[in-house]
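Coordinate inspection notes
Listed below, chain by chain, are the residues.
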Amino acid sequence: QGDHFLVFRLPICLSQTQLLSMSVNGSVSNSKKKLRFRTFLHNTIYDVLKHRGYKETESDLDWDIHWADVRWIREVLDRIHLKDHQRVNHYRNHYELTRKDLLIKNVKRYIKEHPFEGCPLTYRLPAEYRLFVEAFKKHPGVYIAKPIGKAQGRGIFLFDDLKKISKWRNVGAENYIVQKYIENPYLIGGKKFDLRIYVLVTNYQPLTCYLYRSGFARFSAHKYSMKDLDNVFVHLTNHSLQKHSSKYSKDTGGCKWGIRELRQLIMSKHGIQAADQMFADIHDLIIHTLLSVQRVIINDKHCFELYGFDLLLDDNLKPWILEVNASPSLTASTPEDYELKHNLLDDMMTIIDLEKRLKGNEKTIGGFDLMCKGKPKFSSSGTQCFLGCFNDRERSLKKLFYSNRSHVKRSS
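Residues numbered from 1 in each chain as written. Predicted model: local features only at pLDDT ≥ 70, side-chain atom pairs only at ≥ 80, totals over all residues. Heavy atoms only, no water.

Examining the pairing of strand β13 (residues 305-313)
Stated precisely, the cut-off is as follows: Each residue gets one of three labels from its accessible area relative to the maximum for its type: buried under 20%, exposed over 50%, partly exposed in between, using a 1.4 Å probe on protein chains only. Helix and strand definitions here come from DSSP, where helices need a minimum of 4 consecutive H or I residues and strands a minimum of 2 consecutive E residues; each element is numbered from the N-terminal end. We call two strands paired when DSSP finds no fewer than two bridges between them.
Counting buried positions along β13 gives nine out of nine residues, so the element sits mostly inside the fold. Both faces of β13 are covered, namely the face carrying Glu305, Tyr307, Phe309, Leu311 and Leu313 and the face carrying Leu306, Gly308, Asp310 and Leu312. Strand direction decides the pairing type here: strand β9 (residues 193-204) and β13, joined by seven bridges, are antiparallel. By the bridge assignment for β13, Leu195 is matched with Leu311.

A look at the confidence of the model for the protein
Segments scoring low in pLDDT should not have their predicted coordinates read at a detailed level. What counts here: The predictor attaches a confidence to each residue, called pLDDT, with possible values from 0 through 100. When checking whether two residues touch, look at their non-hydrogen atoms; a contact exists if any pair is within 4.5 Å.
Per-residue confidence for the protein gives a mean pLDDT of 88, with 88% of residues at or over 70. Low pLDDT, under 50, characterises residues 1-14; the predicted model gives this stretch 14 contacts beyond four residues in sequence or across chains. This stretch, residues 20-31, has a pLDDT under 50; its non-local contacts, to residues over four places away or in other chains, come to 16 contacts.

Some remarks on helix α11 (residues 335-352)
Filter applied, for reference: The span one expects for a helix is its residue count, reduced by one, times 1.5 Å.
The first and last C-alpha atoms of α11 sit 26 Å apart over 18 residues, in line with the 26 Å expected at 1.5 Å per residue. Of all the 18 residues making up α11, 15 are buried; the element is thus mostly covered by neighbouring parts of the structure. Remark: Asp353 follows α11 within two positions and exhibits a positive phi of approximately 60 degrees.

Section: the environment of Asp284
Within the secondary structure, Asp284 is located in helix α10 (residues 272-291). Taking the C-alpha atoms as reference points, Asp284 and Lys377, 93 residues apart in sequence, are found 8.3 Å from one another.

Quick look at the sheet that holds strand β6 (residues 143-147)
Inclusion rule: To get an axis, fit a line to the C-alpha atoms, keeping to the stretch in contact for a helix; angles then go from 0 to 180 degrees between the N-to-C directions.
Pairing is antiparallel in the open sheet, where four strands are placed in the order β5-β8-β6-β7. Edge positions in the sheet fall to β5 (122-125) and β7 (157-159), since each of these pairs with one other strand and no more. Within this sheet the neighbouring strands show an average axis-to-axis angle of 25 degrees, counted without direction. Of the strand pairs in this sheet, β6 and β7 are connected by three bridges, and their pairing is antiparallel.

Thoughts on the pairing of strand β14 (residues 319-325)
Among the seven residues that make up β14, six are buried, leaving the element largely enclosed by the rest of the structure. Summarising the sheet, β13 and β14 pair through six bridges and their orientation is antiparallel. Residue Phe309 lies in a different strand from β14, and its bridge partner there is Val324. The turn linking β13 back onto β14 is made up of five residues, and Leu317 within it adopts a positive phi angle of 65 degrees.

Some thoughts on the nonpolar core
The cut-off we apply is this: Residues enter a nonpolar core if they are buried and are Ala, Val, Leu, Ile, Met, Phe, Trp, Tyr or Cys, with the set joined through side-chain atoms within 4.5 Å.
Counting 53 residues, the largest nonpolar core has Ile197, Val199, Tyr204, Ile282, Leu290 and Phe309 as the members making the most contacts within it. Counting residues per element, this core draws most heavily on α10, at nine residues. If sequence neighbours within four positions are ignored, Ile197 has contacts with Leu211, Ile259, Ile282, Ile286, Tyr307, Gly308, Phe309, Leu311 and Leu387. Residues Leu35, Leu49, Ile351 and Leu400 belong to the second largest nonpolar core, which totals 29 residues.

Some thoughts on the side chain of His283
The topology assignment puts His283 in helix α10. Given the relative accessible area of 4%, His283 is considered buried. For His283, the contacting residues outside a window of four places in its chain are Met371, Lys377, Thr383 and Cys385.

A look at the packing of aromatic side chains
Two aromatic rings are characterised by how far apart their centres lie and by the angle between their planes. Short version of the rule: Pairing of aromatic side chains requires ring centres within 6.5 Å, counting the rings of Phe and Tyr and the six-membered ring of Trp. Pairs whose planes differ by under 30 degrees are stacked, by over 60 edge-to-face, and all others tilted.
What the rule picks out here adds up to 21 aromatic pairs. Plain terms: the ring middles of Phe157 and Phe159 are 6.0 Å apart, the flat faces sit at 45 degrees to each other, and that makes the pair tilted. A relative accessible area of 25% places Phe157 in the partly exposed class. Ring geometry for Tyr186 against Phe193: centres 6.4 Å apart, planes inclined by 80 degrees, an arrangement best described as edge-to-face. The exposure class assigned to Phe193 is buried, which follows from its relative accessible area of 0%. An aromatic cluster is present here, built from Tyr123, Phe132, Phe136, Tyr143, Phe157, Phe159, Trp168 and Tyr176 joined pairwise through their rings.

See below:
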C-alpha cells in the first residue's frame, strides 16, 4: 500500500537511446547487441539504464558500463584491464576533490597561483591546530567543524570558543576541518538554504565538463537565527538530517526548491543583471574548483564523474563552496525529484555516448551545457551560465536527433 511504497509514474516516452536509434521512417531499430551494465544500486540509475534498453549483467568484467561504488574503484580498478569501450563512473583518486581535507589542500595550493574568492577560511585538525588557533585570534567569530570521514551532516557542530575543540590538540584526534561560518546567508522566507548543482566531468586532460541546468535548493525547516548554535535544524540543510525535524513535511518530501525558481526570485528582487552575475560567479567558482585538482587527478579515458557541488549564497549574492560529492544521492523523495534525477542521468548517459552517436562538437546535450573543453572560459570573457534557465531538454534532444540523422544521410 501507499504507506509502505512510493510509486512514481513517468509519462510513457522514448528513451534517448531509442530516439537516437530511430531510422528515417520513424521506427525504432533494434540494435544487434545490447549494451550491458553492472551496478549494485537499485535506484534511479538502475531505472535509467534499463529504460535505455541496456542489459544488466553480474559479470565481473563483461560489461560496457559499471556504475560502481567508491570501494570497488579503490579495491578493483587498478587490478583489471579495461577494454577501450568500457566506462566506469569514478576517477581513481576522485577523493582529491571530494574529501573535505584534500579539497581544501588542493584549493589552497591553486589559489597561490590563481587567486579566486568563494572558499571559506579553512584549517585541518588536528594537523593545523596551532595555525587555526592563531587564525581564530585574528578572525574571531563562529566556526563550523566537519568530520572528514562522515557524510549527511553527521558529526558537524558550530562553535565560537576554542575550548570546544581543545581535544584536537592531540595528534590522535579524529580528522576534522574547521571553516569560518558564513553568518550572513541569503534567506528566503527567513530560512537558510544551500544549492545542489550537478557537474559532469568526462576528461581532466584537457578539462571537459558540463553543467546541468536543473538542480535544487535545500532549505532548513526552521527559521534562521544565530542565537542557538547547537540547533542543527537551523544551521544544516541536509535532507537526511532535516527529515528528523518536527517541522519536516513528508507530503512535500522536505524543503526543496528548483534552481529555476530561485533564479526567477533573484531576478524579481534584485534585477536580471544581479541574477546573471550571481550565476556567472557560480560558474567561475565551479571551474576554479575543478582546475584546483586537474594536475593531481589521475586521468583515464575509461572514467567519468558526476559530481554534486554544494554551494551557499550569502546576503550579497556571493557563492561559497561547501563541498563536492562523488556519490550524490540518486534516490528520489518526490515524483518531481525522481523526474529531475532520471532526466539528469539519462542526459549524462547520452554524453558518455556508449552508442557512439555524437560528433564531439555539441554544446548542449539534453539539459547539460558545455562549461569547458580545453582552455577554461570564465564569465569575464562573456561566457553565459545557463544554470537555472529553462531546461528545454526535449527540444535539445530533437535537434540532436535530426542533426544526427542528417549526418548519417550525408555519410551514406
